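A structural walkthrough
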There are 2 protein chains.
Amino acid sequence: MDIVVVGSVALDSISTPYGSAEECLGGSASYAALAASYFTSIKLVAVVGEDFPESARGLFRRRGIDCAGLEVAPGKTFRWGGRYHKDMNHRDTLFTQLNVFEHFHPKLPPAYRDAPILFLANIHPALQLEVFDQISRPRLVAVDTMNLWIETALDDLKAVLARADLVFVNEEEARQLTGHALLPAAVAQIRALGPRWVVVKKGEHGALLFTPESRFAVPAVLLERVFDPTGAGDAFAGGFLGHLARAGRFDDEELRRAMGFGTVLASFTTEHFSVDRITDLTADQIRGRCAELHAFTRWTPE
Amino acid sequence: MDIVVVGSVALDSISTPYGSAEECLGGSASYAALAASYFTSIKLVAVVGEDFPESARGLFRRRGIDCAGLEVAPGKTFRWGGRYHKDMNHRDTLFTQLNVFEHFHPKLPPAYRDAPILFLANIHPALQLEVFDQISRPRLVAVDTMNLWIETALDDLKAVLARADLVFVNEEEARQLTGHALLPAAVAQIRALGPRWVVVKKGEHGALLFTPESRFAVPAVLLERVFDPTGAGDAFAGGFLGHLARAGRFDDEELRRAMGFGTVLASFTTEHFSVDRITDLTADQIRGRCAELHAFTRWTPE
């Protein structure tokens, strides 16, 4: 199954306690598309400016990502700057330059319109909404968002969620969106907005999956070193949806396995700056880390 | 295998967003002993004052806990008061009245001295140290501690850890004790101090087990409601050690299972004030929740 990924492509400037990187490839769609590209064919929808480096485009091409929907608009590429603190769980946004994103409207090429899986990565929910009229009837619509849209575009976000099968939220977003401190209550309220599956991302504490039938928890991979957490959540979504697309089934077993692959792709992402660690993985590396993650979680009751 | 539990017995006054309780049974040894009592025979070592209510003593007796080592000293029982905030992850200590604890020295009755498992629950490490001379050669020495002793009694704590097989720490304590933000590095340094097994408790995010051979993560039980988190860590230790005592083996499989039982006893503890939820559990309730926890964590890689 192909996946259409709609989101942002950016040039990020990031500083962490371990170093810094200037104008490197970033954006929700970049991380998600690259992570998912290890599992299935990806069709990208985003916008860049005339200054978008050929080298960055080359990364997508090398991973076989269809860039027919990667519009080049007059002006400069979206830029984001962030700084991480010592504990890496908190970051400051140093600047956001929307640039070409200011006038962007996603346009799906005709070849994209029958894709069975649609992933609306984190962009303004009003733009996410515009996609629904351009795609026939995907078997799975997955959505990501962020705290900013909960604060500033809640109605649009709710309209998106009403048409979503699955939503990725982090813990704080789940609480912010619902006012519930405890996750079971927060998730019940999110499911009432539309999505039957809710994935709650908890960063270094792992992730939770809520379906109508069951709940599932997976820990994060325990890394000796976290270099740059940027994009880990987007890569999680990419690995998760990539596995589902490859499996072709969305049952409980495959959803749980997807949580594993999401976790694995997120862990690789944090090991280097930008997308550097998820452009040249091998199938064996992914399978190997997935087996390690399973060994980390396996036990038997009496 | 019997377990000797040395620690505090207190009268707690607790307020949470859901209510409050005055002078109810608390203390590290109380929670640990009650939780462990579902698995094996427990011998308690602690001190109370002449005002210790017969009803509280009755709770120990009903669970078959040997109170020969529960000294009654002239004066008042140790008291602690705490208040939890809305998110329940943070609490303020409102008061601490050491009372009879001020002059306490643990004394093990002769019948305790051959116990195969020793649990030094959270008390001043100088008191924990005094126990080693009173017990022959336990097969397993497990230790718990708190941030206060890391700040004020580090040398004593290190002397205790040097003689411990297993230590329970929470995430912040692991970082505070070692200065490492990432757990693998923190745990390596803790293991260098003595214990070959390290359990890192992460509250609502579950717990991690580090052994020389492997690492294991278990999530917390996802509760609809957390009533009072007091003592959950102590009950975790009790359930963990209780299972090991009953199993009689300390291999990887049993250690992982112990993490499950620790998690289950901790989860019950938070469902009511004080020890109220862990005085009348049935074997079926414990087994049932353990099976639920397993279903919550079970998956298979490809």
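Because the structure is a prediction, the values reported are computed rather than measured. (Residues numbered from 1 in each chain as written. Chains lettered and ligands numbered in written order. Predicted model: local features only at pLDDT ≥ 70, side-chain atom pairs only at ≥ 80, totals over all residues. Heavy atoms only, no water.)

With that settled, the discussion passes to the sheet that holds strand β8 (residues 117-120) of chain A. Residue and element names in this part refer to chain A. One open sheet holds the nine strands; their spatial order is β5-β4-β1-β8-β9-β10-β11-β12-β13, and the pairing between them is mixed. Each having just a single partner strand, β5 (66-73) and β13 (215-218) make up the two edges of the open sheet. In this sheet, adjacent strand axes meet at a mean angle of 15 degrees when their direction is disregarded. Relative to strand β4 (residues 42-49), strand β1 (residues 3-6) runs parallel, the two being bridged by four bridges. By the bridge assignment for β4, valine 4 is matched with lysine 43. (Pairing = 2+ DSSP bridges. Helix = DSSP H or I, 4+ residues; strand = E, 2+ residues; numbered from the N terminus. Axes fitted to C-alpha atoms, helices over the stretch in contact; angles between N-to-C directions.)

Counting residues at the interface gives 39 residues for chain A and 39 residues for chain B. Both sides of the chain A and chain B interface together cover about 3800 Å² of buried area, and 54% of this is carbon and sulfur. When residues of chain A are sorted by the area they lose upon contact with chain B, Leu222(A), Trp299(A) and Glu302(A) head the list and together hold 20% of the total. The partner of Glu224(B) in a salt bridge is Arg215(A), with the nearest N and O atoms 3.0 Å apart. The tally of links from chain A across to chain B stands at 18 residue pairs in polar contact (both at pLDDT 80 or more). (Contact = heavy atoms within 4.5 Å. Buried area = accessible area lost by both parts, 1.4 Å probe. Salt bridge = Lys/Arg side-chain N within 4 Å of Asp/Glu carboxyl O. Polar contact = N/O pair within 3.5 Å; in protein donor to acceptor, adjacent residues only side chain to side chain.)

Turning our attention to the packing of helix α1 (residues 28-36) of chain B against helix α8 (residues 232-247) of chain B. All names here are of chain B. Across the interface, α1 lies against α8 with an axial gap of 7 Å and an inter-helix angle of 35 degrees. Read as a crossing pair, α1 and α8 show a hand that is right-handed. Here Ser28, Tyr31, Ala32, Ala35 and Ala36 of α1 come into contact with α8, specifically with Asp234, Ala235, Gly238, Gly239 and Gly242. Partitioning the contact of α1 with α8 into residue classes produces five nonpolar, four polar and one charged. (Left-handed = near helix turned anticlockwise from the far one by under 90°. Nonpolar A, V, L, I, M, F, W, Y, C, P; charged D, E, K, R; others polar.)

As a further point, take the confidence of the model for chain A. Across chain A, the average pLDDT comes to 96, with 100% of residues at 70 or higher. Interface predicted TM-score (ipTM) for the complex: 0.94; the corresponding pTM is 0.95. (pLDDT = per-residue confidence, 0-100.)

Next up on the list: the environment of His85(B). Residues and elements named next belong to chain B. Here histidine 85 lies in the loop between β6 (79-84) and β7 (91-97). C-alpha of histidine 85 to C-alpha of alanine 111: the two residues are 26 residues apart in sequence and 43 Å apart in space. Other than its neighbours up to four places away in sequence, histidine 85 contacts Pro17, His90, Arg91 and Asp92. Polar side-chain contacts of histidine 85 include one of 3.0 Å to the side chain of aspartate 92.

Further remarks concern the packing of aromatic side chains. Under the definition given, this model contains 20 aromatic pairs over all chains. Pairing Phe119(B) with Phe168(B) gives two aromatic rings, centres 5.8 Å apart and planes at 80 degrees, and the pair type is edge-to-face. Of this pair, Phe119(B) sits in strand β8 (residues 117-120) while Phe168(B) sits in strand β10 (residues 166-170), placing them 49 residues apart in sequence. The exposure classification of Phe119(B) matches that of Phe168(B), with both residues buried. Between the aromatic rings of Phe168(B) and Phe236(B), the centroid separation amounts to 6.4 Å while the plane-to-plane angle is 80 degrees, which identifies the pairing as edge-to-face. Here Phe168(B) is found in strand β10, whereas its partner Phe236(B) is found in helix α8, with 68 residues between them in sequence. Judged by relative accessible area, Phe236(B) falls into the buried class, the value being 6%. Three or more aromatic residues link up through ring pairs in this structure, and these residues are Phe119(A), Phe168(A), Phe236(A) and Phe240(A). Arg63(A) extends its terminal NZ or CZ atom over the ring of Tyr38(A), reaching a point 3.7 Å from the ring centre. (Phe/Tyr/Trp six-rings, centres within 6.5 Å; stacked < 30°, edge-to-face > 60°. Buried < 20%, exposed > 50% of the residue type's maximum accessible area, 1.4 Å probe, protein only. Lys NZ or Arg CZ within 6 Å of the ring centre and 35° of its normal.)

All names here are of chain A. Two elements in contact, helix α3 (residues 125-132) and helix α5 (residues 154-161), have axes whose closest approach is 8 Å; the angle formed by their N-to-C orientations is 35 degrees. α5 is crossed by α3, and the crossing has left-handed handedness. Facing α3, whose interface residues are Pro125, Ala126, Gln128, Leu129 and Phe132, α5 presents Asp156, Leu157, Ala159 and Val160. Residue classes in the contact of α3 with α5 are distributed as seven nonpolar, one polar and one charged.

A word on the sheet that holds strand β6 (residues 79-84) of chain A. Residues and elements named next belong to chain A. Ordered by their spatial adjacency, four strands build an open sheet running β3-β2-β6-β7, and the pairing between neighbours is mixed. Unpaired on one side and paired on the other, β3 (19-26) and β7 (91-97) mark the two borders of the sheet. Strand-to-strand twist of the sheet, defined as the mean angle between neighbouring strand axes without regard to direction, takes the value 15 degrees. Here six bridges tie strand β2 (residues 10-16) to β3, and the two strands are oriented antiparallel to one another. Each bridged residue has a counterpart across the sheet, and for threonine 16 the counterpart in β3 is glycine 19.

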